[in-house]
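Residue strings, one per chain:
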Amino acid sequence: MKKNNIKLLINDDAALVNSLSILSKWLPGKIEKKQTELIIFFAGHGLASINGKEQELYFLPQDGDPDLLSRTAISRSDLMKEIV
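Owing to the predicted nature of the structure, the values given are computational and were not obtained by experimental measurement.

Cut-off values and rules
Residues numbered from 1 in each chain as written. Predicted model: local features only at pLDDT ≥ 70, side-chain atom pairs only at ≥ 80, totals over all residues. Heavy atoms only, no water. Patch = residues over 30% accessible without salt bridge, like charges linked within 9 Å, V, L, I, M, F, W, Y side chains within 5 Å. Areas by Shrake-Rupley, 256 points an atom, 1.4 Å probe, with all protein chains shown as cover. Salt bridge = Lys/Arg side-chain N within 4 Å of Asp/Glu carboxyl O. Helix = DSSP H or I, 4+ residues; strand = E, 2+ residues; numbered from the N terminus. Core = buried A, V, L, I, M, F, W, Y, C linked by side-chain atoms within 4.5 Å. Buried < 20%, exposed > 50% of the residue type's maximum accessible area, 1.4 Å probe, protein only. Contact = heavy atoms within 4.5 Å. Phe/Tyr/Trp six-rings, centres within 6.5 Å; stacked < 30°, edge-to-face > 60°.

Draft legend 1. Structural detail: a nonpolar patch on the surface. Together, Met1, Ile6 and Ile39 give the surface a local cluster of nonpolar side chains, amounting to about 390 Å² of exposed area. The topology assignment puts isoleucine 6 in the segment before helix H1 (16-26).

Laid out in C-alpha cells, this is it:
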C-alpha cells in the first residue's frame, strides 16, 4: 500500500471537521468505484443512540460530545453513504 493512500488522524487531527473533510474531500479522489479496496481503521470510542424506533451507531471523534452525538459525531449510516 502506498503511503500517499494512507491518511492517519491522531489527537487534535482526529477532530470532527477534519475527519469530515478527509471523508468528503480527500477520500473520493482515492477511490475508483468497484475497483478500490477500502480499509478504515478506527481506534476510539463508538456510541449508540436510539432515534425513535431505530438505533444509530456513531464514531466519536476527538472533540465529540457523547451527549450531542447527532451534531458532534460521525454516524455509521452517513459514513457508509460517503464511501459506497
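Draft legend 2. Spatial organisation of the nonpolar core. Counting five residues, the largest nonpolar core is built from Leu16, Leu23, Leu27, Ile74 and Leu79. Beyond its immediate chain neighbours, meaning those up to four positions away, leucine 79 contacts Leu23, Ile40, Phe59 and Ile74.

Draft legend 3. Representation of the environment of leucine 20. As for its placement among the helices and strands, leucine 20 is situated in helix H1. When its relative accessible area of 38% is taken as the criterion, leucine 20 is described as partly exposed. The spatial distance from the C-alpha of leucine 20 to the C-alpha of proline 61 is 9.9 Å, given a sequence separation of 41 residues.

Draft legend 4. Representation of the packing of aromatic side chains in the model. A full pass over the atoms with the stated rule returns one aromatic pair. Measuring from ring centre to ring centre gives 5.0 Å for phenylalanine 42 and phenylalanine 59, while their planes differ by 70 degrees; the resulting arrangement is edge-to-face. Remark: phenylalanine 59 occurs in strand E2 (residues 54-60) and phenylalanine 42 occurs in the loop between H1 and strand E1 (45-51); sequence separation between them is 17 residues. Classification of phenylalanine 42 as partly exposed rests on a relative accessible area of 36%. Phenylalanine 59 gets classed as partly exposed once you look at its relative accessible area, which sits at 25%.

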